[in-house]
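Letter by letter, the chains look like this.
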Amino acid sequence: MDLTLEEFAAQVGPDGPVTVAGSGSQGGAVVEVRSVTAPSGIERIDAAEMVVECGAATPVDELRDALAEHGQTVALPPGGTVGGTLAVGRSDVTRLGHGPMRDVLLQTRYVSAAGKVTKAGGPTVKNVSGFDLCRLFVGSYGTLGFFGDVILRTRPMARTTRWFRSDRDPLELLRDVHRPVALLWDGASTSVRLDGDDGDIARAVDRFDLRDAPGPPPLPGPHRWSLPPAQAMDAARSVDGSFVVELGVGVVHHSGGIERPEPDAAIRALHDRIKHEFDPTGRLNPGVDPLSPPAVG
Amino acid sequence: MTVRSGTFRSVAHRTGADEVVDALCAVIEPSKVRSGATEVRLYRRDASNMTGRAGAVVFAETTADVQAAVRVADRFGVPFLARGSGTGLAGGAVPPDGAIVISTSKMNRILSVDAINRQAWVEPGVLNLDLSKQIAHLGVHFAPDPSSQQTCSIGGNVANNSGGPHCLADGVTSAHVLALEVVLPDGSVTVLGGEAPEPDGLDLRGAFVGSEGMFGVATKVCVRLMQNPPDVATMLMEFDSVADGAQLVSDIIADGIVPAAVEMMDRLCLVAVEAWLHAGLPTHAAAALLIECVGESGQVAYDVARIKELASERGVANVRTAADDAERAVLWKGRKGAFGAVAQIKPNYYLHDTVVPRARLAEVIEKVYEITARYGIDVINVFHAGDGNLHPLLVYDAREEGMVDKVHAAGREIVTFSVGVGGVLSGEHGIGLEKRDLMPLMFSEIDLSAQESLRRAFDPKLIANPNKVLPNPATCGDMHAVPDGAWI
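> How should the overall build of chain B be read in this particular structure?
The secondary structure content of chain B amounts to 15 helices and 20 strands. For 488 residues, the compact-globule formula gives about 23 Å, and the C-alpha radius of gyration of chain B, at 23 Å, lands near that figure. Each of the three principal axes of chain B carries a C-alpha extent, and together these read 70 × 60 × 45 Å. Among the 488 residues that make up chain B, the fraction classed as buried is 57%. Within chain B, residue pairs in contact and separated by at least 24 positions form 72% of the contacts whose partners lie at least 6 positions apart.

Written out as structure tokens, the structure reads:
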């Protein structure tokens, strides 16, 4: 890494407002606040352990390229830094097959509000030693601590990856296609990503009338809804505009917006107590509230 | 200090406890509240070898019952803990002094199942295997499958973030819980996470799973269901050396294949299991790997062929492939029943649960043999090799003088060595009381204080299953529940 954890901790320091800058792809650092940058660089790729260890400022694209040379990949969407992507915590359209981003982070050494390097989680793919701070930190928008370095769970790249389109009933596809990586419905047809064995994929093509597609469909924006998957299709249709529904997941990419539900009082109180415990003076990413997250493109 | 059964004091000696029981009976149907000496004695322990002391037991049937019990605990400042089936091995459900034990075993309904979107709401007392059996006709299952799955509950799985052989490919409980209705330690009821994939805010669901009852009580659980695989292949591979078998595990993963399960049994385990199962297990082998590949037929065929090639390069002595579901069931029965089989050897056992990098498996197992031999203890190794999750089973006779101390000393060496090679304290059993005081092997004071911060945020009064997981001397001063026989 280009910076040691101790050097990063010294930059964060023990007091005064501070924000952490990644690549700016996910909304960027807090403006008009002293800004620090986490260590960058890949320390270790171990395909036999299905893990990678890297600095939080490492670009995801660089990480994915390096992993590909070892036949591995990681369920982080491209474009940002590893730390920024984890801090926002939003998966890409492969969530149906590859799971949510929160399952990727095995261990982190972060810098706390007191400016101390603090370890959460453990280096192995299976670990229940102590409370699960890693999952708490994914999606916490850097309000509880700043990621310094991370150990991520990787997965082997599929032997074949292909995108298709299908006009079949989307619920039939959701019910019957075996473990698709993505099913994306735009109101007329469904994009299907299948990973795996060529013979299996050929059988699915025949069975479900799949036709080749160059890749995933363009995702409408600027809105990203999160709904129970059983409600997502009807909800998407009920609002004017273009949309893509992640079937079986419940994320809707839509040109129109909907109201977000208000969190209940117990959830608000828990958030306030957690923030107070981890950052009593509110110095980390001041003004950012994970319960009212900034809009992300 | 040890609280043995003979030293248990009756409720009459504890007027404070009487008040608590009266308060419970005022807000919960009295037939659901038990405080008789014999009844509370039944709830003084879990499946570990530690015992504590319950003040009262509440057999909750609804969220309202749980909430009422927690509010009484909050009002009187007495500890409470939720209890599922009591199959935990780390003492997580051992009640601290006078605790209100809230049994969720009667909250055992499957509330809803959506087989298309693969979600189900269940109550915490639903048994793990019952859930998968009840929904099998819909073509789906709940992936975590601890060896205790016939008796352990979903609520207990949530508390311990339980694993099982088939978590290699699909992940442990946290990856299969979408939402939790919980009673927080202040008595408020809320939902953490949600059916929606990206609820605003912190992942409180993720923080709660694996919190060993210290963040509150889960009263409803929304679980993720997985499609049943169209094809399954199960192989038993024999090896003349443990090291060859262990190395094959790394070879398989490094080759880009992630089987559904990769389990190892060593010779003493094979001998013990074969003695009662009579399944033709290779009792002459140094070790056997039970490998299962699932998925579509093309993928399964490819994986099986490639694994056989890799095994051949590692000198596999024999490969037995299950011909049908019946043979597959027998092979799995041997694996999951291994712990019971040790009664063939000695009357007592102590089961460990560390995780090490796969590449270090062979070295750590050799070390386990060396340590146990030095102490004169028999050891069986039967474990989730694919995850690097070791389960050395120290087999002994507690009546032999000094043997219990030797077992504890050997265990501590095994755990310390595992962490030293880049492993962790527990893969699926949790920390509980058992490994509480070993947490500093993995975590600094700063690291532990961060975990304590999260706990205080959920439970400012520290009444939810106190004295577990964190070795904070400030909070374990009145912990009288750890017996002499406990290894902590």
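Still to come is the rest of the account.
> What am I meant to see in the overall build of chain A here?
Along its length, chain A carries 9 helices and 16 strands. Here the C-alpha atoms of chain A give a radius of gyration of 20 Å, agreeing with the 19 Å that 2.2 N^0.38 yields for 297 residues. Dimensions along the principal axes, computed over C-alpha positions, put chain A at roughly 60 × 45 × 35 Å. Evaluated residue by residue, chain A yields a buried proportion of 51% over its 297 residues. Partitioning the intrachain contacts of chain A with sequence separation of at least 6 by distance along the chain shows that 64% fall at a separation of at least 24.

> Whenever I open this one, the sheet that holds strand 16 (residues 348–351) of chain B confuses me. Can you help?
All names here are of chain B. Read from one edge to the other, the open sheet built from 7 strands follows the order 15-12-14-13-18-20-16, with strand pairing classed as antiparallel. Two strands close off the open sheet at either side, each with one partner strand: strand 15 (318–321) and strand 16. In this sheet, neighbouring strand axes are inclined to one another by 20 degrees on average, regardless of whether the strands run parallel or antiparallel. Sheet topology places strand 13 (residues 261–266) next to strand 18 (residues 378–383); 2 bridges connect them, and they run antiparallel. Each residue of the ladder has a partner; that of Met265, found in strand 18, is Val382.

> What exactly am I supposed to notice about the interface of chain A and chain B here?
How big an interface is tends to be reported as the loss of accessible area on association of its parts. With 67 residues of chain A at the interface, the matching set in chain B holds 70 residues. The set of elements that each furnish at least two residues to the side of chain A that touches chain B consists of strand 7 (117–121), helix 5 (133–137), helix 6 (170–176), helix 7 (198–208), helix 8 (229–238) and helix 9 (265–278) of chain A. Per-element tally for the side of chain A that touches chain B: the top contributor is helix 9 of chain A, with 8 residues. A per-class count over the side of chain A that touches chain B returns 30 nonpolar, 19 polar and 18 charged.

> Please explain the environment of Ala235(A) as it appears in this structure.
Residue and element names in this part refer to chain A. With respect to the helices, strands and loops of the structure, Ala235 is situated in helix 8. Along the backbone, Ala235 and Ile258 are 23 residues apart, and their C-alpha atoms lie at a distance of 9.3 Å. Residues within four places of Ala235 in sequence aside, it is in contact with Leu227 and Val252.

> Honestly, the environment of Leu129(B) in this entry has me stumped. Any pointers?
Residues and elements named next belong to chain B. Among the secondary structure elements, Leu129 is positioned in helix 4 (residues 128–135). Residues Leu129 and Pro146, 17 residues apart in the sequence, show an inter-C-alpha distance of 9.3 Å. Contacts of Leu129, omitting those with residues within four sequence positions, involve Gln149 and Gln150.

> What should I look at first to understand helix 9 (residues 267–277) of chain B in this one?
Because an α-helix completes one turn every 3.6 residues, residues spaced three or four positions apart along the sequence face the same direction. Residue and element names in this part refer to chain B. For helix 9, the complete set of buried residues consists of Cys269, Leu270, Ala272 and Val273. End-on, the buried residues of helix 9 take up no more than an arc of 165 degrees, which puts them together on one face. Close packing links the buried residues of helix 9 with strand 13, strand 14 (287–295), helix 11 (325–336), helix 12 (338–341) and strand 18. Looking one or two places after helix 9, you find His278, whose phi comes out positive at around 50 degrees.

> Would you mind showing me how to read helix 9 of chain A here?
For helix 9 of chain A, spanning 14 residues, the distance from its first C-alpha to its last is 20 Å, which sits close to the expected 20 Å at 1.5 Å a residue. All of the buried residues in helix 9 of chain A are Ile267(A), Leu270(A), His271(A), Ile274(A), Lys275(A), Glu277(A) and Phe278(A). The buried residues of helix 9 of chain A occupy an angular sector of 165 degrees when projected down its axis, which confines them to one face. Along its buried surface, helix 9 of chain A packs onto strand 9 (189–193), helix 7 (204–208) and helix 15 (445–458) of chain B.

> What am I meant to see in the packing of helix 8 (residues 242–254) of chain B against helix 13 (residues 361–375) of chain B here?
Pairs of packed helices are described in terms of their axes, by the angle between the two and the distance that separates them. Residue and element names in this part refer to chain B. Where helix 8 meets helix 13, the closest approach of the two axes is 8 Å, and the angle between their N-to-C directions is 145 degrees. Crossing hand, helix 8 versus helix 13: right-handed. On helix 13, the residues that touch Val242, Ala243, Ala246, Gln247 and Val249 of helix 8 are Leu361, Ala362 and Ile365.

> For this particular structure, what's the right way to read the confidence of the model for chain B?
The predicted coordinates ought not to be read in detail in places where the model reports low pLDDT. Residues and elements named next belong to chain B. Here chain B averages 91 in pLDDT, and 93% of its residues register 70 or above. Here residues 1–14 scores under 50 on pLDDT; set against residues more than four positions off or in separate chains, the count is 22 contacts. When the criterion is pLDDT under 50, residues 474–488 qualifies, and its contacts beyond four places in sequence or with other chains add up to 39 contacts. Here the predicted complex scores 0.94 on pTM and 0.97 on ipTM.

> Honestly, the packing of helix 9 of chain A against helix 15 of chain B in this entry has me stumped. Any pointers?
The interhelical angle for the contact between helix 9 of chain A and helix 15 of chain B, taken along N-to-C directions, is 150 degrees, at an axis separation of 9 Å. Classified by the angle their axes make, helix 9 of chain A and helix 15 of chain B are roughly antiparallel. The crossing of helix 9 of chain A and helix 15 of chain B is right-handed. Where helix 9 of chain A approaches helix 15 of chain B, its residues Leu270(A), Arg273(A), Ile274(A), Glu277(A) and Phe278(A) are matched on the opposing element by Ser453(B), Leu454(B), Arg456(B) and Ala457(B). The residue makeup of the contact of helix 9 of chain A with helix 15 of chain B, split by class, is 5 nonpolar, 1 polar and 3 charged.

> Any chance you could explain unusual backbone geometry here in plain terms?
Trans is the common state for peptide bonds, and a negative phi is the common state for residues other than glycine. Cis geometry is adopted by the peptide bond preceding Pro222(A), which originates at Gly221(A) and carries an omega value of 10 degrees. Among the structural elements, Pro222(A) can be located in the loop between strand 13 (211–213) and strand 14 (223–226). A positive phi angle, near 45 degrees, is found at Asn465(B), a position not held by glycine. Of note, Asn465(B) is situated in the segment after helix 15. Positive phi values are uncommon outside glycine, yet Val469(B) reaches one of about 65 degrees. Residue placement: Val469(B) occurs in the segment after helix 15.

> Is there a simple way to think about the sheet that holds strand 2 (residues 54–59) of chain B in this case?
Strand pairing in a sheet relies on backbone hydrogen bonds, with the paired strands running either antiparallel or parallel. Residue and element names in this part refer to chain B. Sheet architecture is open: 4 strands sit in the order 1-2-4-3, paired in mixed fashion. With one partner strand each, in any of the chains shown, strand 1 (33–34) and strand 3 (80–83) form the two edges of the open sheet. Two strands pair when backbone bridges link them, and strand 3 and strand 4 (residues 99–103) are joined in this way by 4 bridges, in the parallel orientation. Note that in strand 4 the partner of Arg83 across the bridge is Ser103. Along the sheet, helix 3 (residues 63–76) contacts strand 2, strand 3 and strand 4; its crossing angle with strand 4, the most-contacted strand, is approximately 170 degrees.

What counts and how
Residues numbered from 1 in each chain as written. Chains lettered and ligands numbered in written order. Predicted model: local features only at pLDDT ≥ 70, side-chain atom pairs only at ≥ 80, totals over all residues. Helix = DSSP H or I, 4+ residues; strand = E, 2+ residues; numbered from the N terminus. Rg over C-alpha atoms; globule rule 2.2 N^0.38 Å. Buried ≥ 20, exposed ≤ 12 C-beta atoms within 10 Å, placed from the backbone. Contact = placed C-beta atoms within 7 Å. Pairing = 2+ DSSP bridges. Axes fitted to C-alpha atoms, helices over the stretch in contact; angles between N-to-C directions. Nonpolar A, V, L, I, M, F, W, Y, C, P; charged D, E, K, R; others polar. Arc of directions from axis to C-beta. Expected span 1.5 Å × (residues − 1). Left-handed = near helix turned anticlockwise from the far one by under 90°. pLDDT = per-residue confidence, 0-100. Parallel < 35°, antiparallel > 145°, perpendicular 65-115°, else oblique.

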